[in-house]
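For reference, the chains in residue letters:
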Amino acid sequence: MIPAAFEYHRPQDMAGVLAVLEEYGDDARVMAGGHSLIPMMKLRMAEVPHLIDLQDVGGMSDIELGADGVRIGAMVTQAEIIDHAGLADAAPILREAALQIADPQVRYMGTVGGNVANGDPGNDMPGLMQCLDAVFTLVGPDGERDILAREFYEAAYMTAREDDEVLTAVTIPTPAGGYAYEKQKRKIGDYATAAAAVQIVKDGGTCVSAAIAMTNLSDTPVYSEDAGAALVGTPVDAAALDAAVAAMLGDIDPTEDNRGPVAFKNHVAGVILRRAIERAWSRA
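Residues numbered from 1 in each chain as written. Predicted model: local features only at pLDDT ≥ 70, side-chain atom pairs only at ≥ 80, totals over all residues. Heavy atoms only, no water.

### With respect to a nonpolar patch on the surface
Moving on, step 1. Where nonpolar side chains cluster on the molecular surface, the patch consists of Met1, Leu43 and Met45 and spans about 380 Å² of accessible area.
Moving on, step 2. Relative to the assigned elements, Leu43 resides in the loop between helix H2 (37–42) and strand S3 (50–53). (Patch = residues over 30% accessible without salt bridge, like charges linked within 9 Å, V, L, I, M, F, W, Y side chains within 5 Å. Areas by Shrake-Rupley, 256 points an atom, 1.4 Å probe, with all protein chains shown as cover. Salt bridge = Lys/Arg side-chain N within 4 Å of Asp/Glu carboxyl O. Helix = DSSP H or I, 4+ residues; strand = E, 2+ residues; numbered from the N terminus.)

### Considering helix H1 (residues 14–24)
Moving on, step 1. Inspection of H1 places Met14, Val17, Leu18, Val20 and Leu21 among the buried residues, and these make up the whole buried set. Viewed end-on, H1 has its buried residues packed into an arc of 160°, placing them on one side of the element. Facing away from the buried surface of H1 by more than 90 degrees, the exposed residues are Ala15, Glu22 and Glu23.
Moving on, step 2. Where H1 is buried, its residues meet strand S1 (7–9), strand S2 (28–31), S3, strand S6 (135–140) and strand S10 (166–173).
Moving on, step 3. Positive phi appears at Gly25, one or two residues downstream of H1, with a value of about 55°. (Buried < 20%, exposed > 50% of the residue type's maximum accessible area, 1.4 Å probe, protein only. Arc of directions from axis to C-beta. Contact = heavy atoms within 4.5 Å.)

### Brief notes about the nonpolar core
Moving on, step 1. Ile72, Leu94, Met129, Phe136, Leu167 and Val170 are the most contacted members of the largest nonpolar core, which has 55 residues in total.
Moving on, step 2. Broken down by element, the residue count for this core peaks at five residues, all from H1.
Moving on, step 3. Filtering out sequence-adjacent residues up to four positions away, Val170 remains in contact with Val70, Arg71, Ile72, Val112, Val116, Met129, Ala134, Val135 and Phe136.
Moving on, step 4. Residues Val198, Ala247, Val268 and Leu273 belong to the second largest nonpolar core, which totals 29 residues. (Core = buried A, V, L, I, M, F, W, Y, C linked by side-chain atoms within 4.5 Å.)

### Thoughts on the sheet that holds strand S4 (residues 63–65)
Moving on, step 1. The antiparallel open sheet is built from five strands, whose spatial order is S4-S5-S10-S6-S7. What marks the edges here is a single partner per strand, and that holds for S4 and strand S7 (143–148). Averaged over neighbouring strand pairs, the angle between their axes works out to 20° when direction is ignored.
Moving on, step 2. The pairing of S6 with S7 spans six bridges and is antiparallel. Within S7, the residue paired with Gly140 across the bridge is Gly143. (Pairing = 2+ DSSP bridges. Axes fitted to C-alpha atoms, helices over the stretch in contact; angles between N-to-C directions.)

### Some points on the packing of helix H10 (residues 238–251) against helix H11 (residues 262–283)
How two helices pack is summed up by the angle between their axes together with the distance between the axes.
Moving on, step 1. Running from N to C, H10 and H11 cross one another at 135°; their axes reach a closest spacing of 10 Å. Compared by their axis directions, H10 and H11 come out oblique. The two elements H10 and H11 meet at a crossing, and its hand is right-handed. Within the contact between the two elements, H10 uses Leu241, Asp242, Ala244, Val245, Met248 and Leu249 and H11 uses Asn266, Ala269, Gly270, Leu273, Arg274, Ile277 and Glu278.
Moving on, step 2. In the contact of H10 with H11, the residues fall into eight nonpolar, two polar and three charged. (Parallel < 35°, antiparallel > 145°, perpendicular 65-115°, else oblique. Left-handed = near helix turned anticlockwise from the far one by under 90°. Nonpolar A, V, L, I, M, F, W, Y, C, P; charged D, E, K, R; others polar.)

Everything listed is a geometric property; what it means functionally is a separate question.
Take a look at the structure:
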């Protein structure tokens, strides 16, 4: 549980961060809260000769509420999401999900940027951001670029972020309708066996739009477009729920591990999604 030797860098601005990344290339990694990277370093699953701490870099700790959306700096912690009243009103699913991440000690240090940037399929925020159609802002030596959360994840711990880029912010269109983040885990603080993020818009008694994403059921978060489409145009009755679950099960690809065999994970995924849809529909 002792990491390999590394050199610690604490730049004061983004220019300093990019300079270290440019100098050391693949040997350098940035750290936000550290709850994903440091455990991997301790277990020697990741060797990082040059560690870049973002704590002193300004401009990434703000939550901005606009008329059409929300912009969250990458260094905003889960605890700050939970405590921000305006954000809870604008996008309540963010608070609901953040409250289910690990425990208070982790949430006081764990950041939004760290949760979404490293491509860990067990993290809660990546699937949630796909459900919300979020956009990630990346900064590198060639300037700034945006990429959709639904296009960001390529494989476990592999994303569209280049090695010399830093994720600086997440922008979310203001969600509409009902919402739910449902999660099943073995114990407090654990990763999900399965989790579901759902946003549903209702017109009268009919679903007019739905977004669904699943967590820890593949080597990336799974945005299940077909599952959402199965609800559209329906009163979200038993048949629609069955169709949405069936579509989701066709999109996920769980593997057996200490959280259970594949059949168990498929079963849990179906139960969790059904609960999330029913709760989101009741709030719509």
